[in-house]
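# Summary of the model geometry
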Amino acid sequence: MSTEEKSAAPRSLAEALRVRDDVSLAALLRSRPDLITPVPTDLTQLATRAGTRASVVRALERLDRFALQTAEALAVAADPAPYDELLRLMAGDERDPVVAAALPRTVALLREQALVWGADDRLRLVRTARELLAPSPQHPSPTGLGPCVREATAGMSPGRIQEILAAVGLPSTHDSVSAVSALGELFTDRQRMAGLLAGLPEESREVLDRLVWGPPYGQVTHDPAAHLRHLLDSGLLLPTAPGTVVLPREVALHLRAGRAHRTPEPVPPPVEAAAAHRPQVVDATAAGQALSALATVEELLKEWDEGGPAVLRAGGLSVRDLKRTAVALDVPEPVAAFWVELAYAAGLIASDGEADERYAATPAYDEWRELPTAERWARLAGTWLTATRTPGVVGGRDAKDRTLSALGPNLDRSAAPEVRHRVLALLAGLPEGASPTEESVLARLRWERPLRGPRRDGRDGQDDDLRTRLARWTLSEAELLGVTGRGALAAPGRALIGAPEPPHPAREPEGPGDKLPVHHRTPPAPAPPSPAEQAAATARAARLLAPLFPEPLDHVLLQADLTAVAPGPLEPELADVLGVLADVESKGGATVYRFTPGSVRRALDAGQAAADLHAFLARHSRTPVPQPLTYLIDDVARRHGRLRVGAASAYVRCDDDATLDEILADKRAAGLGLRRLAPTVLAAQADPAALLEGLRGMGFAPAAESAAGDVLIARADAHRTPPRTAPEPVPDGPPVPDDTLLTAAVRAVRAGDLAATTPRKPGPGSDAGGAPAAGGELPRTGAAETLATMQAAVMTGEALWIGYVNAEGSASQRVIAPIRVEGGFVTAYDHTADEVRTYPLHRVTGVAELADDAT
């Protein structure tokens, strides 16, 4: 390297950032948004922030496996390291062509994210990343390499080092530094090392083979065997502590043929397609599941329409209430937790906030029910995709070993939206109608974010980290919700994530289990969509789903066994009335309703008359109304309202005193505290509601009445919470900045850096160098000197360097070209903001002239 090139080479990360263009700086801030929260004042502060431990850890966690392997290799290389050394560590002595082809792009990525800086002949890993990834006894390197010879011999006596030199045939030296250097040169010389290893006994070679890929540490006794003594004498094993030895890094690299990693992974594992289906079948299956999802959510809210389960003191549903909900929905408890959490995340249910706090539907639920069917589904699907609440963890334990309950706290997992979106994107990369193998999806995700899992030993198939569980839950939840059908991404699901049309036409499968021989490559993960983009994608998904839904039916098929069959989805009004008049017996492609005395009484309680029910059934049945059903309605209606319950505490009155005698004689009435007030009136100690339930349990059909004696509709009004907002997702770090914010941030950082680094003329009491103030200090001058310098700059047109404190007390440095000074204000072109601004002179802390050669 020439003298000019050396002087031009950056000496720090700040200098490396200073020579970047605006596009490159914007790319850095986009990939690491924590760096502009808040916006740095200059590039020195940006570089400092980029080297903090929290920021570096976050950046490393977002590297794919090959990029992380490259960073790990740099951590065990020289500092700085030439590109050829890095290439040898990654591709080995044989220079693997696939690794060699992928490495330049990966180094460019690490440079873009400010984890690596410097030219190709002097690559440097930022200090914090090197500390995190370099091997140490407390934190072994993922490469399996140990310390280098210089590090391993740091505490060794000079005499012992000279003995090792003599054992390997090297001449003795006068100092330990040159001795260690000579030993390191021997271990890195491939030819001489081959000769040294060739003379080892077979047992010694076996010891080295066991340590070569890590961990590099081993245990020895105070009197090691001969084959171990041979390794210790020649320095191929070096002691690090009593009874502990280590394989030096240089020896391990020779035995590995130069590779830092046993298996470099420059290419992401493909997502394998397990089976193919016709796209029409996939879309139809997904649409059917979407209808079932809507019906399940509506059934859940109907169960809680008059007030749902009580809220636990710590928040959430009790285990018993979750079990009851699962029974009511006829689903397993984990699936019930999913539907409950989805309705909560969508803002359809919440706690009512009353003294006896319970869960109930929100006013937003009534608005949601008025939406078209496809839009209702799209709202649920969009909520699921972006929500951070994770129902899969329900039933687990938190950090304090407390059970995690549905609707309770601590269910947010900030990585959930990114994992859901990425899993669906991987499915979108397959041919249309193809479903993936679960393990290939998990392997791809582990390659893309290897540091998010707890295991770093290569046995990916055995880990069960959160990211892996989130992916598994995503695959099952997407099927429940109708985003996928038969495991393949449906057209509405593809639109939901904003994916383009399938790149390859689907071929006709030979059968439902037809295997696809092609391993389809999936594009890298894009940036997450903005809220506006996600809203547009959700609306498009609704438009694609709407034609897939069957037209709602306005009729049912009544049968003689007191059942009604709905051969498809019903119109909302028909479904509502039928849901009151009959009980759902079974679901599926056709829903079966059963009429019972209790269900008919429920309809009468709701204000319907027997004639209304007969007319309704005749109007909506494609078959004649069966005689048993007619008799059932008439029989229940005949008895309905004969007994009337009101508030005395409560009373019962009936024109038939024999009926009252029957009630008093019934043992089941003992708990109601009944006594006769008149031949046709009984008084009760129980409240009216309990009295109604007790008489119904005895087989009677009482009706409630008002104080005026009018019959009341016994069906309670739907209970609604006050207006509630849906829970906000918990972000996984700062949001990705948009282009407008990036442009403004880059401009501000550039301008602040210009103000901090522009040379200025020395003022009174300053040194003659004309350098900016140390530590970014603001210039300090008196008011008279500040005014005079400003006025002179207006005459000459020169630019000035000023310190300025705004109304909030925030100090900054600026480069301005004064245009006018009057009334205690200076109007100037501000190079920092790239616009003309006016500043109060009393807020200017000081002023300095720029050096003549400043640009």
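Predicted model, so just to flag it, every value in this text is computed and none were measured.

Looking only at helices and strands, one finds 34 helices and 26 strands in the protein. In the protein, buried positions account for 47% of the 855 residues. By sequence separation, contacts in the protein at least 24 residues apart represent 66% of the contacts at least 6 residues apart. Approximately 40,900 Å² of the protein is accessible, and the part contributed by carbon and sulfur atoms is 54%.

For the bond running from Thr37 to Pro38, omega is 0°, close enough to zero to count as cis. Within the secondary structure layout, Pro38 lies in the loop between α3 (22-31) and α4 (43-50). Following Gly214, the chain continues to Pro215 via a peptide bond in cis, the omega torsion being -5°. Even without being a glycine, Arg95 presents a positive backbone phi close to 55°. On the basis of relative accessible area, Arg95 is assigned to the partly exposed category, the value being 37%.

Here we come to the environment of Thr388. Within the secondary structure layout, Thr388 lies in the loop between α21 (373-386) and α22 (416-428). Here Thr388 falls in the buried class, since its relative accessible area comes to 2%. Distance from Thr388 to Glu728, taken between C-alpha atoms, is 8.3 Å for residues 340 residues apart in sequence. Setting aside its immediate chain neighbours within four residues, Thr388 contacts Leu411, Asp412, Arg413, Ser414, Ala416, Pro417, Pro729 and Val730. Here Asp412 takes part through its side chain, which lies 2.6 Å from a polar atom of the side chain of Thr388.

For the rest of this paragraph, the subject is the packing of aromatic side chains. Applying the stated criterion across every chain, the model contains four aromatic pairs. Sitting above the plane of the Trp368 ring, Arg376 keeps its charged end 5.5 Å from the centroid.

This paragraph deals with the environment of Val207. Secondary-structure assignment places Val207 in helix α14 (residues 202-211). Considered as a pair, Val207 and Leu247 are 40 residues apart in the sequence and their alpha carbons are 9.9 Å apart. Beyond its immediate stretch of four places on either side in the chain, Val207 contacts His227, Leu228, Leu231 and Leu237.

On the surface, a cluster of negative charge is made up of Glu202, Glu203, Glu206 and Asp209. On the secondary structure map, Glu202 appears in helix α14.

Here we have three strands laid out as an open sheet, ordered β3-β5-β4, and antiparallel in their pairing. This sheet does not close on itself; its edge strands, each paired only once, are β3 (217-219) and β4 (238-241). Going across the sheet, the axis of each strand differs from the next one's by a mean of 40°, ignoring polarity.

When their charged atoms lie close together, side chains carrying opposite charge are able to pair. Tallying each qualifying case throughout the model produces 38 salt bridges. Beyond isolated ion pairs, a larger network of salt bridges with shared partners links Arg160, Glu163, Arg229 and Asp233.

A separate point is the confidence of the model for the protein. When pLDDT is averaged along the protein, the result is 85, and 88% of the positions lie at 70 or above. Taken together, the stretch residues 1-7 has pLDDT below 50 and engages in three contacts with residues farther than four places along the chain or on a different chain. Note that pLDDT drops below 50 for residues 504-524; the model gives that stretch 47 contacts with residues more than four away or on any other chain.

The next thing to look at is the packing of helix α17 (residues 279-303) against helix α18 (residues 319-329). In the contact formed by α17 and α18, the axes pass within 10 Å of each other and the chain directions differ by 125°. In terms of orientation, α17 and α18 fall into the oblique class. Taken as a pair, α17 and α18 cross one another with a handedness that is right-handed. Along the contact surface, α17 presents Thr296, Glu299, Leu300 and Glu303, while α18 presents Thr325, Ala328 and Leu329. For the contact of α17 with α18, the class distribution of residues is three nonpolar, two polar and two charged.

Moving on: helix α30 (residues 627-639). With 13 residues, α30 should reach 18 Å at 1.5 Å per residue; the first-to-last C-alpha distance of 19 Å fits that figure. Residues Leu629, Leu632, Ile633 and Val636 constitute the buried set of α30. With its buried residues spanning 95° around the axis, α30 presents them on a single face. Residues of α30 that are exposed and point over 90 degrees away from its buried face: Gln627, Tyr631 and Arg638.

Further remarks concern the nonpolar core. By size, the foremost hydrophobic cluster in this structure holds 88 residues, and its most contacted members are Leu236 and Leu237. Broken down by element, the residue count for this core peaks at eight residues, all from helix α6 (residues 65-76). In contact with Leu236, not counting residues within four places along its chain, are Phe187, Met193, Leu196, Leu197, Leu200, Leu208, Leu231, Val246, Leu247, Pro248 and Val251. Counting residues in each nonpolar core, the second largest holds 71 residues, with Ala287, Leu294, Ala495 and Ala542 among its members.

Moving on, we come to the packing of helix α28 (residues 597-605) against α30. Contact geometry for α28 and α30: axes closest at 9 Å, N-to-C directions at 60°. Relative to α30, the element α28 is oriented oblique. Crossing angle aside, the handedness with which α28 passes α30 is right-handed. Contacts between α28 and α30 pair Pro597, Val600, Arg601 and Leu604 from the former with Leu632, Ile633, Val636 and Ala637 from the latter. Residues belonging to the contact of α28 with α30 are distributed by class as follows: seven nonpolar, no polar and one charged.

With three bridges joining them, strand β19 (residues 675-678) and strand β20 (residues 681-684) adopt antiparallel strand pairing. Within β20, the residue paired with Arg675 across the bridge is Ala683. Counted along the chain from β19 to the antiparallel partner β20, the turn is two residues long.

With that settled, consider the sheet that holds strand β13 (residues 557-559). Spatially, the four strands line up as an open sheet ordered β13-β14-β16-β15, and their pairing is antiparallel. Looking at which strands have only one partner, the edges of the open sheet turn out to be β13 and β15 (583-586). Direction aside, neighbouring strands of the sheet carry axes that sit 30° apart on average.

Attention shifts here to helix α15 (residues 226-233). Those residues of α15 that sit buried are Leu228, Leu231 and Leu232. The arc enclosing the buried residues of α15, seen along the axis, measures out at 100°, which places them on a common side. Looking at the buried positions of α15, the neighbouring elements they touch are α11 (158-167), α14 and β5 (244-246). One or two positions beyond α15, positive phi appears at Gly235, with a value near 80°.

Conventions we followed
- Residues numbered from 1 in each chain as written.
- Predicted model: local features only at pLDDT ≥ 70, side-chain atom pairs only at ≥ 80, totals over all residues.
- Heavy atoms only, no water.
- Helix = DSSP H or I, 4+ residues; strand = E, 2+ residues; numbered from the N terminus.
- Buried < 20%, exposed > 50% of the residue type's maximum accessible area, 1.4 Å probe, protein only.
- Contact = heavy atoms within 4.5 Å.
- Areas by Shrake-Rupley, 256 points an atom, 1.4 Å probe, with all protein chains shown as cover.
- Polar contact = N/O pair within 3.5 Å; in protein donor to acceptor, adjacent residues only side chain to side chain.
- Phe/Tyr/Trp six-rings, centres within 6.5 Å; stacked < 30°, edge-to-face > 60°.
- Lys NZ or Arg CZ within 6 Å of the ring centre and 35° of its normal.
- Patch = residues over 30% accessible without salt bridge, like charges linked within 9 Å, V, L, I, M, F, W, Y side chains within 5 Å.
- Salt bridge = Lys/Arg side-chain N within 4 Å of Asp/Glu carboxyl O.
- Lys, Arg positive; Asp, Glu negative; His and termini not counted.
- Charge placed at Lys NZ, Arg CZ, Asp CG, Glu CD.
- Pairing = 2+ DSSP bridges.
- Axes fitted to C-alpha atoms, helices over the stretch in contact; angles between N-to-C directions.
- pLDDT = per-residue confidence, 0-100.
- Parallel < 35°, antiparallel > 145°, perpendicular 65-115°, else oblique.
- Left-handed = near helix turned anticlockwise from the far one by under 90°.
- Nonpolar A, V, L, I, M, F, W, Y, C, P; charged D, E, K, R; others polar.
- Expected span 1.5 Å × (residues − 1).
- Arc of directions from axis to C-beta.
- Core = buried A, V, L, I, M, F, W, Y, C linked by side-chain atoms within 4.5 Å.

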